[in-house]
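What follows is the residue order along each chain.
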Amino acid sequence: MSGAVDLSALKQPAATDVPGDHAVTEADFETKVLRRSLEVPVVVVLYSQRSPGSVDLVKLFERLVGQAQGGWELATVEAEANMRIAQAFGVQGIPTVIAVAAGQPLADFQGSQPEAQVTQWLDAVVDAVQGKLPGADAEEGDAPAPEDPRFVAAEEALDRGDIAGAEAAYEAILAAEPANEEAKAALRQVRFFDRARALPADAIAVADADPADIDAAFTAADAELFNQEPDAAFDRLINLIKRTAGDDRNRVRSRLVELFELFDTADPIVVAARRKLATALY
């Protein structure tokens, strides 16, 4: 998929309907795709009844979503009856499959694919957003809760330059509340900052001189991120994923996902990089 994708126009309902458990039309696209994608990734399959191959792909996804145990949702769209959806995604061929997360396209492919490759693609999509979607109530605009004194203490430690104290404060919160996402995010930020303070000045040059050195690539990506160049950091590791396999590839992918977690899930830079990652893994 190329260029910006604006799905906001599809919030205007239309009066069409297509039967089926996973069928989506312009009338319910906002509810079944945009809003649902705040909770789990929604895989949109655009197909045509006149294309047996695309119908077979729909049947494959219907079978796979039945085995997914809620990890992702399926939306099947008959393209000819819902042209505005196809146009919004910039579809150029049928079938086209797009994963939508947090209301934005995340990854896509065109044409029929064997089941093994489809399964691998789905695994990459689910992994890319695991634990990062905002949830169904993200747009309700509730008033913020009072400040938690434990977080205030951690932030005061940071203001004093006491990195170890801040890290210990966030770890204490997580020891009491292992599912506290705010503490997890803050701890990741603190640990990255602590790591970034020790970066060598020539980190990027060293990595560029030996593109196969994974450790050097990690250090360079940290330097680029610390220098406010996230695009360069993400591209460096995604390109390394393309050149590696097995344990090395898993190691690089894990580090890239770790860097993603330093940002908001819906950040356009991260959304674009996740699409690149899914493509590289696929």
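Cut-off values and rules
- Residues numbered from 1 in each chain as written.
- Predicted model: local features only at pLDDT ≥ 70, side-chain atom pairs only at ≥ 80, totals over all residues.
- Heavy atoms only, no water.
- Buried < 20%, exposed > 50% of the residue type's maximum accessible area, 1.4 Å probe, protein only.
- Helix = DSSP H or I, 4+ residues; strand = E, 2+ residues; numbered from the N terminus.
- Pairing = 2+ DSSP bridges.
- Right-handed = clockwise from strand over helix to strand, strands pointing away.
- Patch = residues over 30% accessible without salt bridge, like charges linked within 9 Å, V, L, I, M, F, W, Y side chains within 5 Å.
- Areas by Shrake-Rupley, 256 points an atom, 1.4 Å probe, with all protein chains shown as cover.
- Salt bridge = Lys/Arg side-chain N within 4 Å of Asp/Glu carboxyl O.
- Lys, Arg positive; Asp, Glu negative; His and termini not counted.
- Charge placed at Lys NZ, Arg CZ, Asp CG, Glu CD.
- Contact = heavy atoms within 4.5 Å.
- Axes fitted to C-alpha atoms, helices over the stretch in contact; angles between N-to-C directions.

1. Focus on the pairing of strand S2 (residues 73-78)
Line of reasoning, step 1. Of all 6 residues in S2, 5 are buried, a share of seventy percent or more.
Line of reasoning, step 2. By the bridge criterion, 6 bridges tie strand S1 (residues 42-47) to S2 in an arrangement that is parallel. Residue pairing for S2: valine 44 is matched across the bridge by alanine 75.
Line of reasoning, step 3. As for the winding sense of the linkage, the β-α-β connection from S1 through helix H2 (residues 52-66) to S2 is right-handed.

2. Quick look at a negative patch on the surface
Line of reasoning, step 1. A cluster of acidic residues, Glu155, Glu156, Asp159 and Glu182, forms a negative patch on the protein surface.
Line of reasoning, step 2. With respect to the helices and strands, the residue aspartate 159 is situated in helix H5 (residues 149-159).

3. Details of unusual backbone geometry
Line of reasoning, step 1. A cis amide bond links isoleucine 94 to the next residue, proline 95, at an omega of 0°.
Line of reasoning, step 2. Here proline 95 shows up in the loop between helix H3 (83-88) and strand S3 (96-101).
Line of reasoning, step 3. The phi dihedral of glutamine 69 falls on the positive side, at around 55°, and the residue is not glycine.
Line of reasoning, step 4. With respect to the helices and strands, glutamine 69 occurs in the loop between H2 and S2.

4. What to know about the environment of valine 126
Line of reasoning, step 1. Considering the arrangement of structural elements, one finds valine 126 in helix H4 (residues 115-129).
Line of reasoning, step 2. In this structure, the C-alpha to C-alpha distance between valine 126 and proline 41, residues 85 residues apart in sequence, is 6.9 Å.
Line of reasoning, step 3. Those residues in contact with valine 126 that sit more than four places away from it in its chain are Pro41, Gly71 and Trp72.

5. Some points on the sheet that holds strand S4 (residues 104-110)
Line of reasoning, step 1. Read across the open sheet, the 4 strands follow the order S2-S1-S3-S4; overall the sheet is mixed. Two strands in the sheet have a free side with no partner beyond their single neighbour: S2 and S4. Geometrically, the sheet is characterised by an average inter-axis angle of 20° between neighbouring strands, direction not taken into account.
Line of reasoning, step 2. Where S3 lies against S4, 6 bridges are found, and the strand directions are antiparallel. When the bridges of S4 are listed, threonine 96 appears paired with glutamine 110.
Line of reasoning, step 3. Contacts from H2 reach S1, S2, S3 and S4 within the one sheet, and its direction differs from that of S1 by about 160°.

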